[in-house]
Amino acid sequence: MQAGPKKPMSLSNTLGAMGVVIIALSLPAGWYLVYSKNLERSSAAAAAETLEVVDSALHMVEAVARERGPSNAAMGTREAALDRTALDTARERSDRALAHARQAASTLRDPSLRDSTQAALSALQAHLSQTRQRMDDHLGKATALREATLPNQLIQEMFVAADMASQLSRGLAVGTNSVSDHHQSLRTLVTRATIAAALRDYAGRMGSVVSMALIRGTPLTAEEQRMLSRIHGRSEEMRRHLDLNILLSTDAATQQALARVDQRFFKDGLNYVERTQQVAPVSASAFAERYVPMIEPIVDLRNQYMRTARDAAATSLERSQQAQIGWTLLSLAQNLLVLTLLWMVKRRVLKPLSQAAESLRRITSTPAGEEEDNSKSTSADQDEVSRLTELVGSLVEQSQARLQLEARQEKQLLELRTLVGVDPLTGLENRRSVELRAKALLAEGKRHGFEVCALVLDVDHFKLVNDRYGHPVGDEALRTLASVLQLSLRCEDISGRVGGEEFMVLLGYCPLNHALDKAEMLRRRVELRPIHIKGLDEPLFITVSVGVASTNAHGHQWDSLTSAADRALYQAKREGRNRVVADDASNSAAGALSSDSLVSPPN
Ligand SMILES: Nc1nc2c(ncn2[C@@H]2O[C@H](COP(=O)(O)OP(=O)(O)OP(=O)(O)O)[C@@H](O)[C@H]2O)c(=O)[nH]1
């Protein structure tokens, strides 16, 4: 079987298909956009949450480092004078910080980071417990029985605990980096906060080393000297890093915090440690009292970094939430707009087009009985516009045919009217009709003995009207004259156009004096009737000359009566036009009759 020619799709269906394609393309694009914005938002949320965990870890690092001070003091105090209050408070603070860090770590989204953090926290807790137990055993012994080298070992173990806590916080900071790939500023801030926390630990270690010597009451050992210079070296390294940050930082609060660390720890604090070794020794608690406030600005700096990081994370989260909402709404609005546009085109363009095509189809449909033109395509094969175009084409064809038909009909009507005795220009009777009816009237007048008068009216200087204003204006003048006749005569009077600009009126049962009055009235009305011509400012006026003849003078014969009226008309023309003249014989007959006061007998 051979496949037929492919049918074009209707515009409505094309529009529908376009809508489906646009929506099908834009939905995944919109979805992808919203999805990627959602990823950014959850990445920002995860970064903000991880920051909290890092912050709690840094607090823990500090708490563990601070536990060393009371531990040192306790180990350097004689058994009898031992007051554990400060030590217990410091341990409780460390435990609280550890518990808080453990709780915060449980919220981490990355399971491997969460598990490794929990494991590191457990290890730290175990190490601390063990070290504390050994310390408590040591403190429980009488001073004389105490092992002399154990405090140093235990302080070393506390250093290990601090190292474990620092390592844990660095691991978390690295974890934060992976979460906040899109948040470069967060990464930098967390790294700096970690450095500050590490610096705080090193500063504390310096104090611990010096305190131990002060507690012992002996100068620093060679090992302690090496340890101090190592710590000093690391601290200076961090200082260089932080000084570099001063140059990079644009935040005034951070710059102030950095300047305070520089002044209080790197200048005052390190000088004090140096002096304490060389000049007269002080008590451990007096040293701690002066030294600890000098390292506090490092904690402030760390807090400042974390504060800035938290603010940046919150701003980033807020922005990404707004962006997600914005893009979701935009994507929805775009789809809605496309659908609305398509719907409007369908409703405002295609529907009226179809309705217009349907109306045209009804107008142009082949009348019943006639055969359909099979060469024309059917509506099902076409779209709305081609259908409408074809229908308009056939409507134009039909109108042209109709116009030709109307012209033919008008011509036929003209011929018909001439045949039935109507003058086509004025609508009055033509010469033939006037003559027929006049002869009937004359015959009746003759039989019943009544007088008939004939009036012949001729437009004066009509040739001039034609020559000056053109033939159409002349025609209009003739129509005006005809309307004056129609409005002025009785229905039983006979009137008609018998020549170019010549009209005739026959009045039955009419004596000559009445006929003359009537003729005068007609002449007057024509003279006064303005003819308004398009394009002319002033109206046109015409006059007529009227010739009148009576059967009383000429008998009831058509030829003799009309000849007499014609003669009277020529006389009126000769006498100057725009006047009514009765022929002499008619006047005489009327004169004789009026003197006799008699009605003329029938001929
Ligand atoms: N517009 C128009 N002119 C017509 C018609 N029939 C005759 N005429 C014109 O009427 C004019 C008659 O001119 P004339 O016979 O010279 O008479 P006139 O100019 O009226 O002069 P007088 O009768 O002597 O006053 C001619 O120019 C004819 O062409 C018609 O149906 N329409």
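Okay, so let's go over this structure. The structure displayed is predicted, hence computed values, not measured ones.

1. Considering the overall build of the chain
Helix and strand counts for the chain come out as 16 helices and five strands. Put simply, the chain has 603 residues, and 42% of those count as buried. Within the chain, residue pairs in contact and separated by at least 24 positions form 76% of the contacts whose partners lie at least 6 positions apart. Roughly 32800 Å² of accessible area belongs to the chain as shown, and the carbon and sulfur atoms make up 56% of that amount.

2. Focus: the pairing of strand β2 (residues 494–497)
With burial as the criterion, each face of β2 is covered, one bearing Ile494 and Gly496 and the other bearing Ser495 and Arg497. Two successive antiparallel strands, β2 and strand β3 (residues 502–508), enclose a turn made up of four residues.

3. Looking at helix α11 (residues 462–469)
Three or more residues of α11 are buried, namely Phe462, Val465 and Asn466. Along the long axis of α11, the arc covered by the buried residues comes to 95°, so they all point the same way. Facing away from the buried surface of α11 by more than 90 degrees, the exposed residues are Lys463, Asp467 and Arg468. Lining the buried residues of α11 we find β1 (452–459) and α12 (471–488).

4. Examining the site of the ligand
As a matter of local geometry, the ligand sits amid 17 residues, with His461, Phe462, Arg497, Lys573 and Arg577 nearest to it. Between Val459 and the ligand, the recorded distance is 2.9 Å, taken from a backbone N or O atom to an oxygen atom. Measuring from an oxygen atom of the ligand, one finds a backbone N or O atom of Lys463 at 2.9 Å. Here the ligand, which alone exposes 660 Å², has 68% of that area covered by the protein. Those elements that place two or more of their residues in the shell around the ligand are β1, α11 and α12. At four residues, the largest contribution of residues to the shell around the ligand is made by α12. The residue makeup of the shell around the ligand, split by class, is four nonpolar, five polar and eight charged.

5. Observations concerning the layout of surface pockets
In this approach the atoms are scanned with a rolling probe the size of a water molecule, which exposes any empty space left behind. Computed from the structure, the second largest pocket encloses a volume of approximately 480 Å³. Lining the second largest pocket are 24 residues; nearest its centre among them are Arg66, Gly69, Pro70, Ala288 and Val292. When its residues are assigned to classes, the lining of the second largest pocket shows twelve nonpolar, eight polar and four charged.

6. Some remarks on the pattern of salt bridges
On inspection of all chains with the given rule, the structure shows 29 salt bridges. For Asp136, the salt bridge identified is with Arg91, shortest N-O distance 3.0 Å. Of this pair, Asp136 sits in helix α3 (residues 111–140) while Arg91 sits in helix α2 (residues 85–105), and the two are 45 residues apart along the sequence. Since its relative accessible area comes to 25%, Asp136 is described here as partly exposed. A salt bridge links Asp458 to Lys573; the nearest nitrogen and oxygen atoms lie 2.6 Å apart. Taken together, the positions of Asp458 in strand β1 and Lys573 in helix α15 (residues 558–574) put the pair 115 residues apart, joining distant regions of the chain. Salt bridges linked by common partners bring Glu67, Arg84, Asp88, Arg91, Asp95, Arg132 and Asp136 together as one network.

7. Some points on the side chain of Ser550
With respect to the secondary-structure elements, Ser550 resides in strand β4 (residues 544–550). According to the relative accessible area criterion, Ser550 is buried, its value standing at 1%. If near-sequence neighbours (up to four positions away) are discounted, Ser550 is found in contact with Glu451, Val452, Cys453, Leu512, Leu561, Asp583 and Ser586.

8. Re unusual backbone geometry
Positive phi, close to 70°, is recorded for Arg577, a residue that is not glycine. Structurally, Arg577 can be placed in the loop between α15 and β5 (580–582). On the accessibility criterion, Arg577 (28% relative accessible area) is partly exposed.

9. Regarding the packing of aromatic side chains
Applying the stated criterion across every chain yields a total of five aromatic pairs. Each ring, one from Trp31 and one from Tyr35, has its centre 5.1 Å from the other, and the planes form 10°; the classification is stacked. Pair noted here: Trp31 and Tyr35 are both in helix α1 (residues 11–75), with a separation of four residues, about one helical turn. Judged by its relative accessible area of 38%, Tyr35 is partly exposed. An aromatic cluster is defined as three or more aromatic residues linked by ring pairs; in this entry it consists of Tyr272, Phe287 and Tyr291. The ring of Tyr202 carries Arg205 above its face, with NZ or CZ at 5.4 Å from the centroid.

Scoring rules and cut-offs
Residues numbered from 1 in each chain as written. Predicted model: local features only at pLDDT ≥ 70, side-chain atom pairs only at ≥ 80, totals over all residues. Heavy atoms only, no water. Helix = DSSP H or I, 4+ residues; strand = E, 2+ residues; numbered from the N terminus. Buried < 20%, exposed > 50% of the residue type's maximum accessible area, 1.4 Å probe, protein only. Contact = heavy atoms within 4.5 Å. Areas by Shrake-Rupley, 256 points an atom, 1.4 Å probe, with all protein chains shown as cover. Pairing = 2+ DSSP bridges. Arc of directions from axis to C-beta. Near = heavy atom within 4 Å. Polar contact = N/O pair within 3.5 Å; in protein donor to acceptor, adjacent residues only side chain to side chain. Nonpolar A, V, L, I, M, F, W, Y, C, P; charged D, E, K, R; others polar. 1 Å grid on protein atoms, 1.4 Å probe; cavity = no way out; pocket = protein on both sides within 12 Å on 5 of 7 lines; lining within 4 Å. Points joined across faces, edges and corners; volume = space filled by probe spheres on them. Salt bridge = Lys/Arg side-chain N within 4 Å of Asp/Glu carboxyl O. Phe/Tyr/Trp six-rings, centres within 6.5 Å; stacked < 30°, edge-to-face > 60°. Lys NZ or Arg CZ within 6 Å of the ring centre and 35° of its normal.

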